[in-house]
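Next come the chains, spelled out residue by residue.
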Amino acid sequence: MTDPSTSSAAELDAADPLANLRHEFELPEGIYLVGNSLGALPKAARTAIQTEVDRWATLGVEGHFTGELAWKNYHELLTQPMAALTGTHSDEVVAMNGLTVNLHLLMVSFYTPTPQRHKILIEAGAFPSDHFAAESQIRQRGFDPATSLITIGPRDGESVLRTDDIVATIAEHGEELCLVLLPGVQYYTGQVLPIAEITEAGHAVGAMVGFDLAHAVGNIELNLHDDDVDFAAWCTYKYLNSGPGGVAGAFVHRRHVTNQDLPKFLGWWGTNPETRFAMATEFDAMQSVESWQLSNAPIFQMAALRASLDLFQQAGGMSALRAKSEQQIRFFDRRLTESLGDRVENLSPAEMHQRGCQFALRVVSGDGRAVFEQLEHERVFCDWREPDAIRVAPVPLYNSFDDIDRFVDILDRIVP
Ligand SMILES: *Cc1c(COP(=O)(O)O)cnc(C)c1O
């Protein structure tokens, strides 16, 4: 048995049933540990995009209606694999737009403030785009972010959120709280938030609960339907490897998808495909989250995403990937402790159920920014987030234990 607390990287790689998937990717020269920011290129994405280019060349406009890859229905090819990754049903999930666009579209439907109930709860350290989206939604409805935007952060001297504090804040704002919008995985610290617990707390005070899953999807196991989440959105260019600007995902719980009373921005791609091309102006809504679609879909981006989602299926889904990820996290922890001791601190929570594959390393014994620049110089792909975190993410789909091992050796040499 290989054990990440005693075995070598070579032994762990040799015993890894998913090790071969690495060969399905084209990785830049160096050590690629930044799938939290931009996932690596699946080789099959090249072919999938080329196929669509060829279909465009040979079929022209007929490509919309021809064969299994007909562009009119192309997004449906992504539904089942995305549902599998998010723990949702096929009428609840759709690939469309960008992440921030989807947050806006979903807030149009699920942030419906009244003078009594008008607040949105987000985290104090929210990703700027999420903050801007919430703030501008509040203004758009005629409310004031100074009184309607509530934030929650870690306690002084702590780096991660406490569930008790989140639940208490939700209870405190109670009947004034219209929407809770939190991340599934915090982008800076990598902290996994308890989705079911937060959703329950929000619902208990009558609020809607939505999640930004940018750093969660493809990283941790998700059960959005059973966790009773109202809506969620995510990008796919991080752990889902769809390439720069890749098409995003959206989830709306089944109990809402056919509710035609929800306010919603409409477009022709949300109407029944049987009658869509009759060009009627009566909105004949699709009976699924697809009714939130506005425009015809970006096929090249979807082709890349499809190629990547095939690899998640080949891997055996998120439970298999998470099992490897936990091994990698344990191995990484051990190697850091062995080599760096307390010269480096990981801002991620200690408990496994609160962690995904991303580490947030803070250099205690020197200048973190300088260490990061030296890592870049040595072709270690990771990223720097102000104020002081080097984010590194061993991704179970394509990173090896050897990647982690070599990274720690380099870090050990650079950190004073
Ligand atoms: C990556 C990320 C975004 C990026 O938004 P786009 O609309 O895809 O540009 C937004 N929010 C969070 C939390 C992210 O991690």
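Description of the structure in this document.

**Brief notes about the sheet that holds strand β15 (residues 389-392)**
Here's step 1: A sheet is described by the order of its strands in space; here 4 strands give the open sequence β11-β12-β15-β14, paired in antiparallel fashion. The sheet is open, and its two edges are formed by β11 (344-346) and β14 (383-385), each paired on a single side. Within the sheet, the average angular offset between the axes of one strand and its neighbour, ignoring direction, is 35°.
Here's step 2: In terms of strand pairing, β11 meets strand β12 (residues 359-363) through 3 bridges, oriented antiparallel. Within the sheet, the bridge partner assigned to N346 lies in β12 and is L361.
Here's step 3: The strands that helix α12 (residues 317-340) touches are β11, β12 and β15; relative to β12, the one it contacts most, it runs at about 10°.

**Comments concerning a nonpolar patch on the surface**
Here's step 1: Taken together, the side chains of F65, W268, F277 and M279 define a hydrophobic patch exposed on the protein surface, amounting to about 410 Å² of accessible area.
Here's step 2: If you trace the backbone, M279 turns up in the loop between α10 (273-276) and α11 (299-314).

**A short note on the site of the ligand**
Here's step 1: Near the ligand, the surroundings consist of L99, T100, F127, D130, D212, A214, H215, C235, Y237 and K238.
Here's step 2: Within the side chain of D212, a nitrogen or oxygen atom sits 3.3 Å from a nitrogen atom of the ligand.
Here's step 3: Here the ligand loses 81% of its free accessible area of 390 Å² to cover by the protein chains.
Here's step 4: Of the residues contributing to the shell around the ligand, the split by class is 5 nonpolar, 2 polar and 3 charged.

**Looking at the side chain of D130**
Here's step 1: Turning to its location among the elements, D130 is positioned in helix α5 (residues 128-140).
Here's step 2: Notably, D130 is buried but unbridged: the nearest opposite-charge side chain belongs to K238, and the N-O separation is 7.6 Å.
Here's step 3: Setting aside anything within four residues of it in sequence, one finds D130 in contact with L103 and D212.

**A short note on helix α3 (residues 76-86)**
Here's step 1: Within α3, burial applies to L78, T79, P81, M82, A83, L85 and T86.
Here's step 2: On its buried face, α3 sits against β4 (93-95), β9 (231-234), β10 (249-252), α11 and α12.
Here's step 3: Positioned one or two residues after α3, G87 has a phi angle of 65°, which is positive.

**Brief notes about the sheet that holds β4**
Here's step 1: The 7 strands are arranged β4-β10-β9-β8-β7-β5-β6 in an open sheet whose pairing can be described as mixed. Taken across any chain shown, the strands that pair with only one partner, and hence form the sheet edges, are β4 and β6 (149-152). Ignoring which end each strand starts from, the neighbouring axes of this sheet average 20° apart.
Here's step 2: Docked against the sheet, helix α7 (residues 163-173) engages β5 (119-123), β6 and β7 (177-183), running at close to 155° with respect to β6.

**Section: helix α13 (residues 368-377)**
Here's step 1: Burial in α13 covers these residues: G368, V371, F372 and L375. End-on, the buried residues of α13 take up no more than an arc of 100°, which puts them together on one face.
Here's step 2: Looking at the packing, one finds that the buried side of α13 touches β12, β13 (380-381), β14, β15 and α14 (401-414).
Here's step 3: The residue sitting at the N-terminus of α13 and contributing the capping side-chain oxygen is D367; that oxygen lies 3.1 Å from the backbone nitrogen of R369.
Here's step 4: Note on α13: the residue one or two positions beyond its end, R379, has a positive phi of about 60°.

Conventions adopted
Residues numbered from 1 in each chain as written. Predicted model: local features only at pLDDT ≥ 70, side-chain atom pairs only at ≥ 80, totals over all residues. Heavy atoms only, no water. Pairing = 2+ DSSP bridges. Helix = DSSP H or I, 4+ residues; strand = E, 2+ residues; numbered from the N terminus. Axes fitted to C-alpha atoms, helices over the stretch in contact; angles between N-to-C directions. Contact = heavy atoms within 4.5 Å. Patch = residues over 30% accessible without salt bridge, like charges linked within 9 Å, V, L, I, M, F, W, Y side chains within 5 Å. Areas by Shrake-Rupley, 256 points an atom, 1.4 Å probe, with all protein chains shown as cover. Salt bridge = Lys/Arg side-chain N within 4 Å of Asp/Glu carboxyl O. Near = heavy atom within 4 Å. Polar contact = N/O pair within 3.5 Å; in protein donor to acceptor, adjacent residues only side chain to side chain. Nonpolar A, V, L, I, M, F, W, Y, C, P; charged D, E, K, R; others polar. Buried < 20%, exposed > 50% of the residue type's maximum accessible area, 1.4 Å probe, protein only. Lys, Arg positive; Asp, Glu negative; His and termini not counted. Arc of directions from axis to C-beta.

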